[in-house]
Protein chains: 2
Amino acid sequence: MSLLLTGIAELVTNDRSVGDGSQLGLVRDAAVVVTDAAIAWIGPSSAAPPCDRRRDLGGRAVVPGFVDSHAHLVFAGERSAEFAARMAGVPYDGGGIATTVAATRAADDDELRRLLASRVAEMRAQGTTTVEVKSGYGLTVADEQRALRLAGEVTSETTYLGGHVVPPGVAREDYVALVTGEMLAACAPHARWIDVFCEPASPHAFTGEEAEAILLAGRGAGLGLRVHGNQLARGPGVALAVALGAASVDHCTHLARADVDALAGSATVATLLPGVEFSTRSPYPDARRLLDAGATLALATDCNPGTCFTTSMPFVIALAVRDLGMTPAEALWAATAGGARALCRDDVGVLRPGARADLTVLDAPNHVHLAYRCGVPLARALEL
Amino acid sequence: MSLLLTGIAELVTNDRSVGDGSQLGLVRDAAVVVTDAAIAWIGPSSAAPPCDRRRDLGGRAVVPGFVDSHAHLVFAGERSAEFAARMAGVPYDGGGIATTVAATRAADDDELRRLLASRVAEMRAQGTTTVEVKSGYGLTVADEQRALRLAGEVTSETTYLGGHVVPPGVAREDYVALVTGEMLAACAPHARWIDVFCEPASPHAFTGEEAEAILLAGRGAGLGLRVHGNQLARGPGVALAVALGAASVDHCTHLARADVDALAGSATVATLLPGVEFSTRSPYPDARRLLDAGATLALATDCNPGTCFTTSMPFVIALAVRDLGMTPAEALWAATAGGARALCRDDVGVLRPGARADLTVLDAPNHVHLAYRCGVPLARALEL
């Protein structure tokens, strides 16, 4: 069964070889043919081939489904009181994670599964079609493994984040040994990636040396590498990620010149998470500086109950345009193709024959509306 | 027919005489009885009376429907290219309004009616149940009258804004004479309010003297008074609004000490529109200073195609909490009861027996989530 989609005022392909030849590969008055959940053909509607079915999208814009490459979705409880306190002036240092760990451990599988499914559905309703899901609120062998097992039910992009924080009451050395030993062995079969919160400025997170040990152990177990780095202050996270060839280093809020140069000269994606700076009232990362240096950027939500409980990629795009110095086109690319790069995927984040038919429809005539109409739920994943 | 609503984890009434006695009048584990589209009873679910029908809201929070007291919804066309240019550094001075005026004049009634209805529906889907609608993109007698006639089909809160900008090619004195003469006579039967863009810093808007003449003429025609004031720079707008006893003065971004004192000592509501500062990358108004002085605040979208094309009151609330120094409770009050004050309404913005049953349901256990989960479409007007 082939499906012809017409009435697309603007199609964003992220393929420079088609359309206007820009980074977004814009095709005006476009049509798309979908066969077996994959893109079969893209072109001007005047040249569309005959198909079994046909759907008119009414002059809307269509973009690749958002790729949210950084999300913490396996948790129970909420921390709105902590958010309100922070807005009234209480600073964030990562300590509130323990609240979520306690609630998550106490929840049974069905409750976690229900919460996870509702969050993925909330994302999809806002246009996100690929999401990475991290563990990191279990922090015991059994609880981390459980989080990854449940995450694997909703995505192939599962990330072992035993190295999220050192749990209260556990000695640092003992916990690093656990994360690199027994916990890793239990979790690796359920994960594609390993990640670590490398942030010497936080007493709860990990130093550069600890983070390196965790990442090397993960690599030894066959996992790809990701890093939370340079969120709260300058530190060793970015340099470590680049040195180890991590797929992505995330946050990148406080960078030294050497960090920018390292990112520009590497294949490691810098994933920016401006919803965190919004929700913690913190200084934003400087996307312009990174782009001008030649780094590859992704945008993601960091959806989590402490520092940024948003599932909205359009909101993240709007922040990137207003506060990070990105153009609407750069922001959309980073939220789609950039996220795909950060996950080493070439079947998503781009619309071309052979790619997945992950299409997001905007109630708008062009992609600029994602930032122009901030707060309005314009985007939704197209159900085929 | 009476309808019993249960499963309300938190009910915001804006009535200090019930619940926790706070400004929001919070009732936990609440129930509401609705009869003939009005509130008949509010109380704890354990004390709910029997009703003809019953609906369980599943542990969600319920708040008064948002009252968006400042919106420019009668227009055609869009200005996403101007937005993108502004984000790239081009300053805003009000001149782009002419683009929308041309597109609006060129649209026929059915097209304007369709666009207006879609915007009101978009608002309702995000929890707004009362909206004020201004003219101001016609700027001829016939086009302003038409805008108000169409606005009156969707709301009783219609505002004559012939004094939006001086149209290109028309002498200022001639235009003020038209706005206070023939245009007013044609528009007053279709409007409840008159408004004027008093902003000497903009060459397109009106001076204090011109604004005063326009407002006095409107009052003479039986209209209530509203003012756009102090958006781009300090100026005479706020003082004029207070002196004339306007219901509201809107923007209030650049205030002298005397402006703050005048607002604090008056019944004129200061309506803040932080979506504009977000979308124009401008300094935010200082809500904290106004609240601490004793002024009454409202929050509204200012939905318009130039400086803020959002319909989302939750987004405005989140900005107020992050960037204006308001608590989540103060922001929600301003977006509901405050908006009602700005429109001199006592049947909306509050939930108590006799008020309209304008209920907005949040996919969240409490109202703090409106800011805590910024960007996520949590709010929707309840269809009874």
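1. With respect to the domain arrangement of chain A
All names here are of chain A.
Move 1: Structurally, chain A comprises domain 1 (2-65 + 350-381) and domain 2 (66-342).
Move 2: Its C-alpha centre places domain 1 at a distance of 30 Å from the equivalent point of domain 2.
Move 3: Between domain 1 and domain 2, the contact holds 17 residues from the first and 20 residues from the second.
Move 4: The junction of domain 1 with domain 2 conceals about 1,500 Å² of combined surface from both sides, 70% of it contributed by carbon and sulfur atoms.

2. Topic: the packing of helix H12 (residues 313-323) of chain A against helix H13 (residues 328-342) of chain A
Residues and elements named next belong to chain A.
Move 1: Where H12 contacts H13, the axes come no closer than 9 Å and their chain directions differ by 140°. Between H12 and H13, the interaxial angle falls into the category oblique. Pair H12 / H13 crosses with right-handed handedness. Two secondary-structure elements touch here, H12 through Met313, Ile317, Ala320 and Val321 and H13 through Pro328, Ala331, Leu332 and Ala335.
Move 2: Class assignment for the residues of the contact of H12 with H13 results in eight nonpolar, no polar and no charged.

3. Comments concerning H12(A)
All names here are of chain A.
Move 1: Summarising burial for H12: ten of the eleven residues are buried, a large majority.
Move 2: If you check which residues of H12 are buried, you get Met313, Pro314, Phe315, Val316, Ile317, Ala318, Leu319, Ala320, Val321 and Arg322.
Move 3: Gly325 lies just past H12 and shows a positive phi near 80°.

4. Regarding the sheet that holds strand E4 (residues 53-64) of chain B
Residues and elements named next belong to chain B.
Move 1: Read from one edge to the other, the open sheet built from six strands follows the order E3-E2-E1-E4-E14-E15, with strand pairing classed as mixed. Strands with a single pairing partner mark the edges of an open sheet, and in this sheet they are strand E3 (38-44) and strand E15 (379-381). In this sheet, neighbouring strand axes are inclined to one another by 40° on average, regardless of whether the strands run parallel or antiparallel.
Move 2: Two strands pair when backbone bridges link them, and strand E2 (residues 26-35) and E3 are joined in this way by six bridges, in the antiparallel orientation. Bridge pairing in E3 places Ala31 opposite Gly43.

5. Side note on the pattern of salt bridges
All names here are of chain B.
Move 1: For the structure shown, the criterion picks out 50 salt bridges over all chains.
Move 2: Among the salt bridges present, the one from Arg113 reaches Asp110, with a minimum N-O distance of 2.9 Å. Of this pair, Arg113 and Asp110 both sit in helix H3 (residues 109-124), separated by three residues, roughly a single helical turn.
Move 3: Its relative accessible area of 30% is what places Arg113 among the partly exposed residues.

6. A short note on the relation of the copies chain B and chain A
Two copies of one chain are present, and they are related through a rotation about an axis combined with an axial shift.
Move 1: Between chain B and chain A, the superposition needs a rotation of 180° and an axial shift of 0.0 Å, giving an RMSD of 0.0 Å. The two molecules are tied by a two-fold rotation axis, judged by turn and shift. Across chain B, the smallest distance between a C-alpha and the rotation axis is recorded for Gly375(B), namely 2.7 Å.
Move 2: Take the interface residues of chain B: 100% of them recur as interface residues in chain A, which is what a same-surface contact looks like.

7. Things to note about the layout of surface pockets
A water-sized probe rolled over the atoms picks out the places where empty space is left.
Move 1: Computed from the structure, the largest pocket encloses a volume of approximately 1,400 Å³.
Move 2: Lining the largest pocket are 47 residues, with Gln126(A), Pro377(A), Val376(B), Pro377(B) and Leu378(B) positioned closest to its centre.
Move 3: For the lining of the largest pocket, the secondary-structure elements that each account for two or more residues are strand E4 (53-64) and helix H3 (109-124) of chain A together with E4, H3 and E15 of chain B.
Move 4: Of the residues in the lining of the largest pocket, the class split is 18 nonpolar, twelve polar and 17 charged.

8. What about the environment of Met183(A)?
All names here are of chain A.
Move 1: You can see Met183 is positioned in helix H6 (residues 182-187).
Move 2: By relative accessible area, Met183 is classed as buried at 0%.
Move 3: For the pair Met183 and Cys374, spaced 191 residues apart in sequence, the C-alpha separation works out to 42 Å.
Move 4: When residues no more than four places from it in sequence are discounted, the contact partners of Met183 are Leu139, Thr140, Val141, Glu144, Tyr160, Gly162, Tyr175 and Leu178.

9. Overview of the interface of chain B and chain A
Move 1: Counting residues at the interface gives 36 residues for chain B and 36 residues for chain A.
Move 2: Summing the contributions of chain B and of chain A, the shared interface buries around 3,100 Å²; its carbon and sulfur component is 60%.
Move 3: The largest contributions to the chain B side of the interface with chain A come from Phe278(B), Arg322(B) and Tyr372(B), which together make up 27% of the buried area.
Move 4: The interface formed by chain B and chain A includes two salt bridges.
Move 5: Between Arg373(A) and Glu122(B) there is a salt bridge, with the nearest N and O atoms lying 2.6 Å from each other.
Move 6: Applying the counting criterion to the chain B and chain A interface returns 25 residue pairs in polar contact (both at pLDDT 80 or more).
Move 7: Top element by residues in the side of chain B that touches chain A is helix H12 (residues 313-323) of chain B. It accounts for six residues.
Move 8: Of the residues in the side of chain B that touches chain A, the class split is 19 nonpolar, nine polar and eight charged.

10. Some thoughts on the packing of aromatic side chains
Move 1: Throughout the structure, instances matching the rule amount to 13 aromatic pairs over all chains.
Move 2: When the ring of Phe315(A) is compared with that of Phe315(B), the centres are 6.4 Å apart and the planes differ by 75°; the resulting orientation is edge-to-face. Here Phe315(A) is found in helix H12, whereas its partner Phe315(B) is found in helix H12 on a different chain.
Move 3: Classification of Phe315(B) as buried rests on a relative accessible area of 2%.

11. Description of the confidence of the model for chain A
When pLDDT is low, close inspection of the predicted coordinates is not appropriate.
Move 1: Mean pLDDT over chain A stands at 97; residues scoring 70 or higher make up 99%.
Move 2: Across the assembled chains, the prediction reports ipTM 0.97 with pTM 0.98.

12. Some thoughts on the sheet that holds strand E12 (residues 269-272) of chain A
Each strand in a sheet pairs with its neighbour through backbone hydrogen bonds, running either in the same direction (parallel) or in the opposite one (antiparallel).
Move 1: Taken in spatial order, the seven strands of this open sheet run E7-E8-E9-E10-E11-E12-E13 (chain A), and their pairing is parallel. On the outer flanks of this sheet lie strand E7 (133-134) and strand E13 (297-299) of chain A, each paired with one strand and no other.

Conventions adopted
- Residues numbered from 1 in each chain as written.
- Chains lettered and ligands numbered in written order.
- Predicted model: local features only at pLDDT ≥ 70, side-chain atom pairs only at ≥ 80, totals over all residues.
- Heavy atoms only, no water.
- Domains from an automatic or database assignment.
- Contact = heavy atoms within 4.5 Å.
- Buried area = accessible area lost by both parts, 1.4 Å probe.
- Axes fitted to C-alpha atoms, helices over the stretch in contact; angles between N-to-C directions.
- Helix = DSSP H or I, 4+ residues; strand = E, 2+ residues; numbered from the N terminus.
- Parallel < 35°, antiparallel > 145°, perpendicular 65-115°, else oblique.
- Left-handed = near helix turned anticlockwise from the far one by under 90°.
- Nonpolar A, V, L, I, M, F, W, Y, C, P; charged D, E, K, R; others polar.
- Buried < 20%, exposed > 50% of the residue type's maximum accessible area, 1.4 Å probe, protein only.
- Pairing = 2+ DSSP bridges.
- Salt bridge = Lys/Arg side-chain N within 4 Å of Asp/Glu carboxyl O.
- Least-squares fit on C-alpha atoms with pLDDT ≥ 70 in both.
- 1 Å grid on protein atoms, 1.4 Å probe; cavity = no way out; pocket = protein on both sides within 12 Å on 5 of 7 lines; lining within 4 Å.
- Points joined across faces, edges and corners; volume = space filled by probe spheres on them.
- Polar contact = N/O pair within 3.5 Å; in protein donor to acceptor, adjacent residues only side chain to side chain.
- Phe/Tyr/Trp six-rings, centres within 6.5 Å; stacked < 30°, edge-to-face > 60°.
- pLDDT = per-residue confidence, 0-100.

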